[in-house]
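What follows is the residue order along each chain.
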Amino acid sequence: MRDPKAAAQKFLQSILSDERGLGLLHGPEDSGKSALLDAFILNLPGKVAVADVDGTRLHAQQFLSRILEQFGYGLDLDSADDLLKMLKVIVLHLTRSHEAPILIVRNLGAMYPSCLAVLCSLASQRVHHRYALRIVLVGDRPFHRIIDSPKMGAIAERLIGRYELKPEIGTRVPALIVSLDGQVIQQLDLADSKVLVGRSDFCDIYLDGHCISRQHALLIRDQDALILFDLRSRNGTSVNSIEVTTRVLHDSDVIAIGDYRLKVLLPDAYTAVNLRAAETADTARMKQLEDARREKVKRELDVAKGELRKA
């Protein structure tokens, strides 16, 4: 049986050896991406310059500054354009002096468009007819719509492949089976704590259609519960044909968003929590009914006692 971690390390090494030198490593939070990347960086030759940057919500100037700092150049420049020009000069120097430097960008899906534009500019830089910078993109999913968009051509033409890491053994997460017009189009593991659904390219689950809002709904994992929130969408969200704004989801629930249907698959732990919640709710309702019956009997006894006194 193939060792997935060894295969992932081999994929990362292939980014260094392939002349295109750019790859995407993706997987959920509990897939071991961080440990894998740390081991990869640790085993690199000492003369190779590495910048390991988390791209989450960085503006272009912040993004460039952090890359420069990790390459050993802390510069106080006023604009992103100046920082980009200086970074390209430094990358050129590093490539000519040693081996091509490596840029690792984590959380690709949380980057602003301005940073993606900078990334494309860096990806297009060449030295002596070869690419100047090796790039490892890291995220929680394949990002087909981002990488394959026309604006990301400099990235797409260099991409040697996408390597998917699965959740580590012993972890079980909720999943969705997504269908359109009765045809299953994909099954998704909900390994992240928050999953945004809509027709924006930056949603975790992209659903296309004029009935779907750009940010339509949000799924949140809270301990062993999966909760759905409608984000004030234009056409609403339904669960089992009932329109909802907030809903704790059960196994086999079907979420309707536009023409799409998302069937919920929950692990045993989630199912047990939902059953306990249902039992608690049923117990509360039974107690309320019993209290109401007792109150009714008490009122009837009080009336009867009053009538006896009058007699």
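As shown above, the structure is provided for reference.
Here is what the cut-offs are and how they apply
Residues numbered from 1 in each chain as written. Predicted model: local features only at pLDDT ≥ 70, side-chain atom pairs only at ≥ 80, totals over all residues. Heavy atoms only, no water. Pairing = 2+ DSSP bridges. Helix = DSSP H or I, 4+ residues; strand = E, 2+ residues; numbered from the N terminus. Axes fitted to C-alpha atoms, helices over the stretch in contact; angles between N-to-C directions. Contact = heavy atoms within 4.5 Å. Buried < 20%, exposed > 50% of the residue type's maximum accessible area, 1.4 Å probe, protein only. Arc of directions from axis to C-beta. Core = buried A, V, L, I, M, F, W, Y, C linked by side-chain atoms within 4.5 Å. Phe/Tyr/Trp six-rings, centres within 6.5 Å; stacked < 30°, edge-to-face > 60°. Lys NZ or Arg CZ within 6 Å of the ring centre and 35° of its normal. Salt bridge = Lys/Arg side-chain N within 4 Å of Asp/Glu carboxyl O.

Q: I'd like a rundown of the sheet that holds strand β3 (residues 102-106), residues and numbers included.
A: With parallel pairing, five strands are arranged side by side in an open sheet as β2-β3-β6-β1-β7. If you trace the sheet from one side to the other, it starts and ends with β2 (50-54) and β7 (159-164), each paired once. This sheet shows a mean twist of 15° between the axes of neighbouring strands, independent of strand direction. Pairing between β3 and strand β6 (residues 134-139): four bridges, direction parallel. In the sheet register, Ile102 faces β6, and the bridge partner there is Arg134. With respect to the sheet, helix α1 (residues 4-17) is in contact with β1 (22-26), β3, β6 and β7, its orientation differing from that of β7 by roughly 165°. In the packing of helix α3 (residues 60-70) onto the sheet, contacts are made with β2 and β3, and the angle to β2 comes to roughly 145°.

Q: A description of the pairing of β6 should follow, citing residues and the corresponding values.
A: Burial of β6 is extensive: six of the six residues sit out of reach of the surface. Here β6 shows two buried faces, one formed by Arg134, Val136 and Val138 and the other by Ile135, Leu137 and Gly139. As paired elements, β1 and β6 share five bridges and run parallel to each other. Within β6, the residue paired with Gly23 across the bridge is Val136.

Q: Account for the environment of Ala191, with residues named and values stated.
A: Positionally, Ala191 belongs in the loop between β9 (183-189) and β10 (194-198). Spatially, the C-alpha atoms of Ala191 and Pro167 are 7.8 Å apart, while their sequence positions differ by 24 residues. When sequence neighbours within four positions are dropped, the list of residues in contact with Ala191 reads Pro28, Glu29, Asp30, Val173 and Arg221.

Q: An account of α3 is requested, with residue identities and associated values reported.
A: Listing the buried residues of α3 in full gives Ala60, Phe63, Leu64, Ile67 and Leu68. The arc enclosing the buried residues of α3, seen along the axis, measures out at 130°, which places them on a common side. In the core, the buried residues of α3 are packed alongside β2, α4 (80-97), β3 and α5 (113-123). Where α3 terminates, the next one or two residues include Gly72, which has phi positive at roughly 95°.

Q: Go over the nonpolar core with me, naming the residues and quoting the values.
A: If you look at the biggest cluster of nonpolar residues, it comprises 41 residues, and the most contacted ones within it are Phe63, Ile67, Phe71, Leu103, Leu108, Leu137 and Ile155. If you tally residues by element for this core, the top one is α5, at seven residues. If we skip the residues at most four places from it in the chain, Leu137 touches Leu22, Gly23, Leu24, Leu25, Val105, Leu108, Leu119 and Ile155. Ranked by size, the runner-up nonpolar core spans 21 residues in total, among them Val244, Leu249, Tyr260 and Leu262.

Q: Before we move on, could you go through the packing of aromatic side chains and cite the residues and values that matter?
A: For the structure on display, the rule yields one aromatic pair. Above the ring of Tyr206, the side-chain terminus of Arg145 is found at 3.8 Å from the ring centroid. Seen from the ring of Tyr131, Arg158 lies directly overhead, with NZ or CZ sitting 4.1 Å from the centre.

Q: I'd like a description of unusual backbone geometry, backed by residues and values.
A: With a phi angle near 60°, Asn107 is a residue other than glycine that sits in the positive phi range. Topologically, Asn107 is positioned in the loop between β3 and α5. A relative accessible area of 36% places Asn107 in the partly exposed class.

Q: Please provide a residue-by-residue account of the pattern of salt bridges, values included.
A: By the definition in use, this model includes nine salt bridges. A salt bridge links Arg141 to Asp140, with the shortest nitrogen-to-oxygen separation between them at 3.0 Å. Since its relative accessible area comes to 26%, Asp140 is described here as partly exposed. The partner of Arg141 in a salt bridge is Asp204, and the shortest N-O contact between them spans 3.0 Å. With Arg141 in the loop between β6 and α6 (144-147) and Asp204 in the loop between β10 and β11 (205-206), this pair connects stretches of sequence that are 63 residues apart.

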